[in-house]
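If you want the building blocks of each chain, they are given just below.
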Amino acid sequence: MAANNRTAAPHIKAPLMKFKTYLSALRPWSLSASLIPTLLGTALACESGYEHLSFFTFLCTVLTVVTVHCAGNVVNTYYDFVKGIDDRKADDRTLVDHILSQDEVVTLGVLLYGAGCLGFVCLVYLSPARLEHLALVFFGGLSSSFLYTGGFGLKYIALGDVLVLVIFGPISVLFSYMAQTGRYEWATIFYAIPLALNTEAILHSNNTRDAESDKRVGIVTLAILIGRTGSYILYGVLLFTPYVIFVVLGMKYSALFLLPMVTFKQAFALERQFRNESTMQMVPRQTAKLNLFFGILYVVACFGAPQLPFITRK
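All figures in this text were calculated on a predicted structure; none of them were measured in a lab.

Next up on the list: the overall build of the protein chain. Along the protein chain, the regular secondary structure elements total 11 helices and 0 strands. Going from the N terminus to the C terminus, the protein chain shows its helices and strands as α-α-α-α-α-α-α-α-α-α-α. Looking at the protein chain residue by residue over its 314 residues, the buried ones come to 51%. A separation threshold of at least 6 residues defines the contact pool for the protein chain, and within that pool the share at least 24 residues apart is 76%.

Right, dumping it as structure tokens:
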């Protein structure tokens, strides 16, 4: 009987290990970059006086945004490996260490894009927004997630930073807001700025860390173009500018906007790590962690503030 239990154990563990492998390939540590803007858009919709917020619409929005983000991560993994960018020192080990095969990664990407499209179809049914408005934002985001490394490979021609600033900020917040209210509000772009800058700090720290290996394989990133000193200055601007915005909003409109300042000390610690080559390896993931806590506090501030400047109340 004991022998049967021992032989059965590997059969139980194998599917679990495979699931963990697929989950790791999605880079879950990066998902705050899409989740927080979705939460922010919903909070802004609530604060704009829209009374018919739908929890199911919110869930469909999260499903749509997160699966497309994960699909983009998988596409990035595939093309970085195919182009010889990922090596033994790469942060993403999925294909480098043959944890998954190339076919498995492609299949996973297709399934994730399919799930994103399914979420979008449900959203069209639930949301009061016009189909053409939702479709414009959704397919713009979906194609951008692919073109970051697939197709034209915008990441490889120093345009990835611009794409991330637009997608993981204004587009995601606007999509979430529109899904709930049925209308677009350009002021959401202003509220997306702190999140967009902080998310770009994740990408920029990653590109700065990998600048030498990227240069060897012939791709061009902003970090390569401006050099190590310029990259340090830019990282500081991306990291600390949101806090300046919070102080201004906190002094002028509501003290709740000062909530994200709780993470200020952590931001200074990351700035010191960025300067040090020996601690640079973990800066992207640590910046993503900052993005999560910073973003949650920002959403709470927007949700609780008695007045949101520039947002038109219904």
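Resuming the write-up.
For the rest of this paragraph, the subject is unusual backbone geometry. Residue Arg 27 is not a glycine yet carries a positive backbone phi of 55°. Turning to its location among the elements, Arg 27 is positioned in the loop between helix H1 (2-25) and helix H2 (32-47). Judged by its relative accessible area of 15%, Arg 27 is buried. A positive phi angle is found at Ala 158, which is not glycine, with a value near 65°.

With that settled, consider the pattern of salt bridges. A side chain with one charge may pair with a side chain of the opposite charge, provided their charged atoms come close. A full pass over the atoms with the stated rule returns 6 salt bridges. Between Glu 132 and Arg 130 there is a salt bridge; the shortest N-O distance is 2.4 Å. The salt bridge partner of Glu 277 is Arg 228, with a shortest N-O separation of 3.9 Å. Of this pair, Glu 277 sits in the loop between helix H10 (264-275) and helix H11 (283-304) while Arg 228 sits in helix H9 (residues 222-252); the two residues are 49 residues apart in sequence, bridging distant segments of the chain. Residue classification places Glu 277 among the exposed positions, given a relative accessible area of 57%.

Another aspect to go through is the UniProt feature "transmembrane region" (unreviewed entry) in the protein chain. UniProt marks residues 55-79, 105-127, 133-150, 162-180, 217-237, 243-264 and 290-311 with the feature "transmembrane region" (unreviewed entry), using the numbering shown here. Regarding residues 105-127, the helix share stands at 96% and the strand share at 0%, and the terminal C-alpha atoms are separated by 32 Å. Helix makes up 68% of residues 290-311 and strand 0%, whereas the separation of the span's terminal C-alpha atoms amounts to 27 Å.

When its volume is computed, the second largest pocket comes out at roughly 160 Å³. Along the walls of the second largest pocket sit His 133, Leu 136, Val 137, Gly 140, Gly 141, Ile 167, Ile 171, Leu 174, Met 178, Tyr 184 and Trp 186, which together make up its complete lining. By residue number, the principal contributor to the lining of the second largest pocket is helix H5 (residues 131-147), which donates 5 residues. Across the lining of the second largest pocket, the residue classes break down as 8 nonpolar, 3 polar and no charged.

On to the packing of helix H7 (residues 188-209) against H11, then. Viewed as axis vectors pointing N to C, H7 and H11 meet at an angle of 175°, and their least axial separation amounts to 9 Å. One finds that H7 runs roughly antiparallel with respect to H11. Here H7 contributes Tyr 191, Pro 194, Leu 195, Asn 198, Thr 199, Ala 201, Ile 202, Ser 205, Asn 206 and Arg 209 to the contact with H11, which in turn contributes Val 283, Pro 284, Thr 287, Ala 288, Leu 290, Asn 291, Phe 294, Gly 295, Tyr 298 and Cys 302. In terms of residue class, the contact of H7 with H11 is built from 12 nonpolar, 7 polar and 1 charged.

Before going further, it helps to spend a moment on the packing of aromatic side chains. Two aromatic rings are characterised by how far apart their centres lie and by the angle between their planes. Evaluated as defined, the whole model comprises 19 aromatic pairs. Judged by centre distance (5.9 Å) and plane angle (80°), the ring pair of Phe 240 and Phe 264 falls under edge-to-face. Taken together, the positions of Phe 240 in helix H9 and Phe 264 in helix H10 put the pair 24 residues apart, joining distant regions of the chain. Judged by its relative accessible area of 18%, Phe 240 falls in the buried class. You can call Phe 264 partly exposed: its relative accessible area is 28%. Ring geometry for Tyr 243 versus Phe 294: centroids 5.8 Å apart, planes at 80°, classification edge-to-face. Here Phe 294 lies in helix H11 and Tyr 243 lies in helix H9, a separation of 51 residues in the sequence.

We now examine the nonpolar core. Ranked by internal contacts, the top residues of the largest apolar core, which has 36 residues, are Leu 40, Leu 44, Tyr 191, Phe 257, Tyr 298, Cys 302 and Leu 308. If you list the elements that add at least two residues to this core, you get H2, helix H6 (160-181), H7, H9, H10 and H11. In terms of residue count, H9 provides more of this core than any other element does, 8 residues in total. Those residues in contact with Phe 257 that lie beyond four places of it in its chain are Phe 246, Leu 249, Gly 250, Tyr 298, Ala 301, Cys 302, Ala 305, Gln 307 and Leu 308. Val 75, Val 105, Ala 129 and Phe 138 belong to the second largest nonpolar core, which has 31 residues in total.

What follows concerns the packing of H7 against H9. Relative orientation of the contacting elements H7 and H9 amounts to 155°, with a least axis distance of 9 Å. Of the possible angle classes, the one that applies to H7 and H9 is roughly antiparallel. Judged by the twist between their axes, the crossing of H7 over H9 is left-handed. For the contact of H7 with H9, a count of residues per class yields 15 nonpolar, 7 polar and 2 charged.

Rules used throughout
- Starting from 1, residues in each chain are numbered consecutively following that chain's sequence as written.
- Reporting in this predicted model follows two pLDDT cut-offs: at least 70 for local features of residues, and 80 or more for side-chain atom pairs to be given and counted; totals over whole chains, interfaces and linings ignore these cut-offs and use all residues.
- Think of the side-chain values as coming from all heavy atoms in the structure, minus any hydrogens and water.
- Numbered from the N terminus, helices here are DSSP runs of H or I no shorter than four residues, and strands are runs of E no shorter than two.
- For every residue, the accessible area obtained with a 1.4 Å probe (protein chains only) is divided by the maximum for its type, and the residue is called buried under 20%, exposed over 50%, and partly exposed between those limits.
- Residue contacts are defined here by distance: any two heavy atoms, one from each residue, within 4.5 Å place the two residues in contact.
- Every case where a carboxyl oxygen of Asp or Glu lies within 4 Å of a side-chain nitrogen of Lys or Arg is listed as a salt bridge.
- UniProt positions are given in the numbering used here, feature names are shortened, and annotations may be inferred rather than shown by experiment.
- Here a cavity denotes grid points, spaced 1 Å and computed from the protein atoms alone, that fit a 1.4 Å probe unable to get out, and a pocket denotes an open set having protein on both sides within 12 Å along at least 5 of 7 lines; residues with an atom within 4 Å of a point are the lining.
- Grid points are joined across faces, edges and corners, and a volume is the space filled by probe spheres set on the points.
- Any residue that is not Ala, Val, Leu, Ile, Met, Phe, Trp, Tyr, Cys, Pro, Asp, Glu, Lys or Arg is counted as polar, Gly included; the first ten are nonpolar and the last four charged.
- Fitted lines through C-alpha atoms serve as axes, helices being fitted only where they are in contact, and the angles separating the N-to-C directions of these axes extend from 0 to 180 degrees.
- To sort the angles, those under 35 degrees are grouped as roughly parallel, those over 145 as roughly antiparallel, those from 65 to 115 as roughly perpendicular, and the leftovers as oblique.
- Stacked, tilted and edge-to-face pairs are distinguished by plane angle, under 30 degrees for stacked and over 60 for edge-to-face with tilted covering the rest, among Phe, Tyr and Trp rings (Trp via its six-membered ring) whose centres lie within 6.5 Å.
- By nonpolar core is meant a set of buried Ala, Val, Leu, Ile, Met, Phe, Trp, Tyr and Cys residues that side-chain atoms within 4.5 Å join together.
- By convention the crossing between two helices is left-handed if the near helix lies anticlockwise of the far one by an angle smaller than a right angle, and right-handed if it lies clockwise.

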